[in-house]
Amino acid sequence: MLPLILFIMLVLANGAPVIACKLAPGLWPQPVDGGRLWRDQRPLFGNSKTWRGMVSGTLSCALFSVLVGLGVWFGFWFGLLALGGTCSAVSSSGGWAWRPAAGLSVLTRFLKP
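Source: prediction; values computed, not measured.

Reading guide: rules and limits
Residues numbered from 1 in each chain as written. Predicted model: local features only at pLDDT ≥ 70, side-chain atom pairs only at ≥ 80, totals over all residues. Heavy atoms only, no water. Core = buried A, V, L, I, M, F, W, Y, C linked by side-chain atoms within 4.5 Å. Buried < 20%, exposed > 50% of the residue type's maximum accessible area, 1.4 Å probe, protein only. Helix = DSSP H or I, 4+ residues; strand = E, 2+ residues; numbered from the N terminus. Contact = heavy atoms within 4.5 Å. pLDDT = per-residue confidence, 0-100. Patch = residues over 30% accessible without salt bridge, like charges linked within 9 Å, V, L, I, M, F, W, Y side chains within 5 Å. Areas by Shrake-Rupley, 256 points an atom, 1.4 Å probe, with all protein chains shown as cover. Salt bridge = Lys/Arg side-chain N within 4 Å of Asp/Glu carboxyl O. Polar contact = N/O pair within 3.5 Å; in protein donor to acceptor, adjacent residues only side chain to side chain. Phe/Tyr/Trp six-rings, centres within 6.5 Å; stacked < 30°, edge-to-face > 60°.

Student: What is the right way to read the nonpolar core from this model?
Tutor: The nonpolar side chains of soluble globular proteins are, as a tendency, buried together. One finds Ile5, Met9, Ala13, Val32, Phe45, Met54, Cys61, Phe64, Phe78, Ala82, Leu83 and Cys87 forming the largest nonpolar core, which totals 12 residues. Elements that contribute at least two residues to this core include exactly α1 (2-23), α2 (51-67) and α3 (72-92). When residues in this core are grouped by element, the largest group, four residues, is from α3. Once residues lying within four places of it in the same chain are set aside, the contact partners of Ala82 are Leu10 and Ala13.

Student: Any chance you could explain unusual backbone geometry here in plain terms?
Tutor: In most cases, non-glycine residues show a negative phi, while peptide bonds are predominantly trans. Despite not being glycine, Trp28 shows a phi value in the positive range, around 50°. One can find Trp28 in the loop between α1 and α2.

Student: Is there a simple way to think about the confidence of the model for the protein in this case?
Tutor: In low-pLDDT regions, the fine details of the predicted coordinates are not to be read closely. With 79% of its residues at a pLDDT of at least 70, the protein reaches an overall mean of 82. Taken together, the stretch residues 95-100 has pLDDT below 50 and engages in eight contacts with residues farther than four places along the chain or on a different chain. Across residues 105-109, confidence stays below pLDDT 50; counting only partners more than four residues off in sequence or on other chains, it has zero contacts.

Student: I keep staring at the environment of Trp51 and nothing clicks. Help me out?
Tutor: When you line up the elements, Trp51 lands in helix α2. Contacts of Trp51, omitting those with residues within four sequence positions, involve Trp28, Gln30, Pro31 and Val32.

Student: Help me understand a nonpolar patch on the surface, please; the structure alone is not making it clear to me.
Tutor: On the surface, a nonpolar cluster with roughly 550 Å² of combined accessible area is contributed by Leu2, Leu63, Leu67, Val68, Leu70 and Phe74. Locating Leu67 in the fold gives a position in helix α2.

Student: Whenever I open this one, the side chain of Ser60 confuses me. Can you help?
Tutor: With respect to the secondary-structure elements, Ser60 resides in helix α2. Ser60 gets classed as buried once you look at its relative accessible area, which sits at 18%. Within polar-contact distance, the side chain of Ser60 engages the backbone oxygen of Gly57 at 2.9 Å. Setting aside residues no more than four positions away along its own chain, Ser60 makes contact with Leu12, Ala13 and Ala16.

Student: In this structure, what is going on with the side chain of Thr58? I would like to understand it.
Tutor: Mapped onto the secondary structure, Thr58 falls in helix α2. Excluding anything up to four places from it in sequence, Thr58 contacts Gly75, Phe76, Gly79, Leu80 and Leu83.

Student: Whenever I open this one, the packing of aromatic side chains confuses me. Can you help?
Tutor: When we look at a pair of aromatic rings, we describe it by the centre distance and by the angle of the planes. Counted according to the given criterion, the structure contains three aromatic pairs. Cluster of aromatic residues (ring-pair linked, three or more members): Trp73, Phe76 and Trp77.

Student: Before we go on, may I ask you to explain the environment of Ala82 in this structure?
Tutor: Checked against the element boundaries, Ala82 lands in helix α3. Here Ala82 falls in the buried class, since its relative accessible area comes to 19%.

Below, the structure written as structure tokens:
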């Protein structure tokens, strides 16, 4: 049961920022990277890493964690570390040098008969 709970928490951490952006687009839209850019002028953590997303993802994990009995601090740190890992992955890859849907076109080539 724990693996399912952790999977749901990962989905919440990454899905809550998308919903928060739709519900409150003007709330904390500042980028987590503070506007810092790579040499090629792309944002350090990509275009979509905002404080609104960090807060909403972390709080959604904390709330869910309380509901399933794991405690608020477990959920808080789980959400924060999951989103922090996403930021560091984007940063270490050079700010996602590919288009978001580029991998999908490769996948569709294999699915064609």
